[in-house]
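Chain by chain, the residues run as shown.
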Amino acid sequence: GLWAAEEQFSLSGDCEDPALTGQPLPRTIPVTFTVTAPPSTGNEVFMGGVFPETGFPDWIPYTMLLQRSGGAWSVTVDLPVGSKIEYLYSRGSWDKVERQQSCAETPPRTLTVGEAPMTVEDDVAKWRDLDGCG
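Residues numbered from 1 in each chain as written. Predicted model: local features only at pLDDT ≥ 70, side-chain atom pairs only at ≥ 80, totals over all residues. Heavy atoms only, no water.

1. Things to note about the nonpolar core
Core analysis: the largest hydrophobic core is formed by 22 residues, its most contacted members being Val31, Phe33, Tyr87 and Tyr89. Those elements that provide at least two residues to this core are strand S3 (28–36), strand S7 (72–80), strand S8 (84–90) and strand S11 (118–123). Beyond its immediate sequence surroundings of up to four residues, Tyr87 is in contact with Phe33, Met47, Gly48, Gly49, Phe51, Trp59, Pro108, Arg109, Thr110, Leu111, Val120 and Asp122. (Core = buried A, V, L, I, M, F, W, Y, C linked by side-chain atoms within 4.5 Å. Buried < 20%, exposed > 50% of the residue type's maximum accessible area, 1.4 Å probe, protein only. Helix = DSSP H or I, 4+ residues; strand = E, 2+ residues; numbered from the N terminus. Contact = heavy atoms within 4.5 Å.)

Here you go:
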């Protein structure tokens with residue numbers, strides 16, 4: 001789907017001849033994120049990060065993934081072609097963010113959105129508030 005923030009548009013002309021002006025919307029493609037999480041996960045997984053040209057707030061874990069079978073979670077998001085994103089998974093807040101197997105901080109994951117629909121497969125080793133990483 002295509003969308004744009006209201007502030008990107010303005011009306012010009014009079015009531016008889018209004019013209020809508022604004023910047024063209026970026027071309028988007030669907031990107032499906034699938035993550036396998038540990039059994040301790042519970043019933044919610046979110047992702048947040050930096051998604052340029054989308055209007056999504058930076059680093060707010062607001063995108064909820066749907067639970068699939070076998071500890072997998074997924075979501076499909078329309079993202080602008082060519083945009084470079086950074087993201088992490090959490091269980092609803094950054095106090096519950098993903099961690100590496102050693103419990104060290106997980107660096108932000110990165111992705112450059114391609115020209116065709118994409119599927120990204122990730123694994124979460126542990127959670128900050130669980131799995132001995134507290």
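2. Looking at the sheet that holds S11
In spatial order, the strands read S6-S7-S3-S11; together these four strands make up an open sheet with mixed pairing. Every other strand in the sheet has two partners, leaving strand S6 (66–67) and S11 as the edge strands with one partner each. Where S3 lies against S11, six bridges are found, and the strand directions are parallel. Paired with Val31 across the bridge in S11 is Met118. (Pairing = 2+ DSSP bridges.)

3. Regarding the state of the cysteines
Tallying each qualifying case throughout the model produces one disulfide. The disulfide partner of Cys103 is Cys133, and the gap between their sulfur atoms is 2.1 Å. Classification of the bridge connecting Cys103 and Cys133 rests on its S-S torsion, roughly -75°, and on that basis the disulfide is left-handed. Placement of Cys103 in the loop between strand S9 (98–99) and strand S10 (109–112) and of Cys133 in the segment after strand S12 (126–127) is noted, with a sequence separation of 30 residues between them. Residue Cys133 is classed as buried on the basis of its relative accessible area, which comes to 9%. (Disulfide = S-S within 2.5 Å.)

4. A closer look at the packing of aromatic side chains
Evaluation of the coordinates by the stated rule reveals five aromatic pairs. Between Phe33 and Tyr87, the aromatic rings sit 5.1 Å apart at their centres with planes inclined by 70°, giving edge-to-face as the arrangement. Of this pair, Phe33 sits in strand S3 while Tyr87 is found in strand S8, placing the two residues 54 residues apart along the sequence. Judged by its relative accessible area of 0%, Phe33 falls in the buried class. Of the residues examined, Tyr87 reaches a relative accessible area of 2% and is grouped as buried. Ring geometry for Phe56 and Tyr62: centres 5.5 Å apart, planes at 65°, overall edge-to-face. Overall, the relative accessible area of 24% leaves Phe56 in the partly exposed class. Taken together, Phe33, Tyr87 and Tyr89 form an aromatic cluster joined through their ring pairs. (Phe/Tyr/Trp six-rings, centres within 6.5 Å; stacked < 30°, edge-to-face > 60°.)

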